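Examination of the molecular architecture
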Amino acid sequence: FFYFTYPVKNIFYQKAEGDWTATLVMTIPNPTAVGSQNTNQFIFSAFEDSDHFVDIGFFSTSQNYGPFFLSSRQESGTSYNATRLVPADERENPLQSEGWGSDPQTISFRIKKSGDTYTTYYQRQQMKAAGTDFVAVKTCTASYAEPKIGFYMTCGKKAPSSTVIIESFTISDYTPPAKGY
């Protein structure tokens, strides 16, 4: 599943035809422990196969953008594009600025599909408590013959496994696909 040479764990996915809004709520029990690892990813993805996907996720790394960042990515065959929320962006990194430490952190990801348009969103527990709705990160077009929605976790080489707790996964605003005869 996907192209990683390191272990992909806890994979869940299902068919996702039609139009819908899917939301994943997860808690990271100890973000500091995750952030000190080589590479860990907790990904929420709409996809057709390993070379055609739109996703949003929490990444931790000991290099480049670290230790934590959010990213929304699209891959279509050989074309790859990522929107990272890191300090170098004009947008402030929502993870660094809010001082993630060892306290559990809950973050929600959302992907909305309307026709061939996918939009990714995130919401932190502090944002929700303050009444702030989901923040859009990326909107892109992708035409998938058999779309799926799901989530998974990866651990980098030589990195110990990390823990994420899936609080909920929901699909709302569902409209079945139009079927021609």
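Before reading further, recall that the structure is shown in the block above.
Here's what I pulled together on the structure shown here. Note that residues are indexed from 1 along each chain, following the sequence as it is written. In keeping with the predicted nature of the model, local features appear solely for residues at pLDDT of at least 70, side-chain atom pairs appear and are counted solely at 80 or more, and the whole-chain, interface and lining totals rest on all residues. Think of the side-chain values as coming from all heavy atoms in the structure, minus any hydrogens and water.

Description of the sheet that holds strand E7 (residues 105–114)
Judged by pairing direction, the sheet is antiparallel, and its 5 strands sit side by side in the order E9-E8-E7-E2-E11 without closing on themselves. Unpaired on one side and paired on the other, strand E9 (135–141) and strand E11 (165–175) mark the two borders of the sheet. Geometrically, the sheet is characterised by an average inter-axis angle of 15° between neighbouring strands, direction not taken into account. When DSSP locates at least two bridges between a pair of strands, those strands are taken to pair. The helix count covers DSSP runs of H or I at least four residues long, the strand count covers runs of E at least two residues long, and both are numbered beginning at the N terminus. For strand E2 (residues 19–28) and E11, the ladder comprises 8 bridges, and the chain directions are antiparallel. Looking across to E11, one finds that Met26 is bridged to Ile166. Axis geometry follows a simple rule: fit a line to the C-alpha atoms, using only the stretch in contact for helices, then measure angles between N-to-C directions, giving values from 0 to 180 degrees.

Looking at the environment of Gln74
In this fold, Gln74 is placed in strand E5 (residues 68–76). Whether two residues are in contact is decided by their heavy atoms, any of which lying within 4.5 Å being enough. Beyond its immediate stretch of four places on either side in the chain, Gln74 contacts Phe53, Val54, Ser79, Tyr80, Asn81, Lys138, Cys140, Thr141 and Ala142. Think of a polar contact as two N or O atoms within 3.5 Å of one another; within protein, one of them needs to be a possible hydrogen donor and the other a possible acceptor, and neighboring residues in sequence only count if both atoms come from side chains. Looking at Gln74, its side chain comes within polar contact range of the main-chain oxygen of Thr141, at 2.9 Å.

Remarks on the pattern of salt bridges
Salt bridge criterion: a side-chain nitrogen from Lys or Arg within 4 Å of a carboxyl oxygen from Asp or Glu. Under the defined criterion, the tally for this structure stands at 2 salt bridges. Lys113 serves as the salt-bridge partner of Asp19, at 3.9 Å between the closest nitrogen and oxygen. Within this pair, whereas Asp19 is found in strand E2, its partner Lys113 is found in strand E7, the two being separated by 94 residues in sequence. Exposure categories follow from relative accessible area, calculated using a 1.4 Å probe and restricted to protein chains: below 20% of the type maximum is buried, above 50% is exposed, and the middle band is partly exposed. With relative accessibility at 9%, the residue Lys113 sits in the buried group. Measuring nitrogen to oxygen at the nearest pair gives 2.6 Å for the salt bridge that ties Arg73 to Asp55. With Arg73 in strand E5 and Asp55 in strand E4 (residues 52–61), this residue pair connects regions lying 18 residues apart in the sequence. The burial state of Arg73 is the same as that of Asp55; both residues are buried.

Structural notes on the packing of aromatic side chains
Within 6.5 Å between ring centres, the rings of Phe, Tyr and Trp (the latter by its six-membered ring) count as paired, and their orientation is classed by plane angle as stacked under 30 degrees, edge-to-face over 60, tilted in between. In the structure shown here, the tally under the stated rule is 7 aromatic pairs. With 5.6 Å between their ring centres and 70° between their planes, Tyr13 and Phe47 make a pair best called edge-to-face. Taken together, the residues Tyr13 in strand E1 (residues 8–15) and Phe47 in strand E3 (residues 39–49) connect sequence positions 34 residues apart. Residue class for Phe47 comes out buried when judged on its relative accessible area of 4%. Taken together, the ring pairs in this structure connect Phe12, Phe44, Phe151 and Phe169 into an aromatic cluster. Only when the NZ of Lys or the CZ of Arg is both within 6 Å of the ring centre and within 35 degrees of the ring normal is a charge said to sit over the ring. In this arrangement the basic side chain of Arg110 is found over the ring face of Phe134, its NZ or CZ atom lying 3.8 Å from the centre.

Some remarks on the pairing of strand E8 (residues 117–124)
By the criterion of burial, E8 is predominantly enclosed, with 7 of the 8 residues buried. In terms of strand pairing, E7 meets E8 through 8 bridges, oriented antiparallel. Bridge pairing links Phe109 to Tyr122 in E8. Taking the residues between adjacent antiparallel strands as the criterion, E7 and E8 are bridged by 2 residues, where Gly115 takes a positive phi near 65°.

Things to note about the pairing of E2
Most of E2 is tucked away: 9 of the 10 residues are buried. Looking at chain direction, E2 and E7 are connected through 9 bridges and run antiparallel. In the strand pairing of E7, Trp20 is matched with Lys113.

These figures capture arrangement, not role.
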